[in-house]
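So the chains spell out like this:
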Amino acid sequence: MTKLKCIETALTYIEENLKRRISLEDIADRANLSQWYFHRLFRVLTGYCVNDYLRQRRICEASHELL
């Protein structure tokens with residue numbers, strides 16, 4: 001699996017599980033990468049660390065629900 005495909009898989013997993021408690025370990029496992037490497041790769045390709053990305057997505061979804 002290419003690096004980009006791994007991140008796409010992780011992003012899909014995140015989107016499908018935004019309302020669940022998910023960890024870096026869960027996401028990295030889904031992408032078939034070590035936690036350390038996944039975190040570094042995610043930050044390079046998205047510009048966000050995983051926790052910041054999760055927080056922003058959850059805030060965005062909550063604001064849509066409030067509207």
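All of the points below concern the structure found in this document. None of these values were measured; they are calculated from a predicted model. (Residues numbered from 1 in each chain as written. Predicted model: local features only at pLDDT ≥ 70, side-chain atom pairs only at ≥ 80, totals over all residues. Heavy atoms only, no water.)

### Points about the state of the cysteines
Link 1 in the chain: Tallying each qualifying case throughout the model produces zero disulfides.
Link 2 in the chain: As a non-bridged cysteine, cysteine 6 has cysteine 49 as the owner of its nearest cysteine sulfur, 19 Å distant.
Link 3 in the chain: Cysteine cysteine 49 shares no disulfide, and the gap to the nearest cysteine sulfur, in cysteine 60, comes to 17 Å. (Disulfide = S-S within 2.5 Å.)

### Points about a nonpolar patch on the surface
Link 1 in the chain: The grouping of Leu4, Val44 and Leu45 at the surface amounts to a nonpolar patch, some 310 Å² of accessible area in total.
Link 2 in the chain: Inspection of the secondary structure puts valine 44 in helix α3 (residues 35-46).
Link 3 in the chain: Assessed through its relative accessible area of 67%, valine 44 is described here as exposed. (Patch = residues over 30% accessible without salt bridge, like charges linked within 9 Å, V, L, I, M, F, W, Y side chains within 5 Å. Areas by Shrake-Rupley, 256 points an atom, 1.4 Å probe, with all protein chains shown as cover. Salt bridge = Lys/Arg side-chain N within 4 Å of Asp/Glu carboxyl O. Helix = DSSP H or I, 4+ residues; strand = E, 2+ residues; numbered from the N terminus. Buried < 20%, exposed > 50% of the residue type's maximum accessible area, 1.4 Å probe, protein only.)

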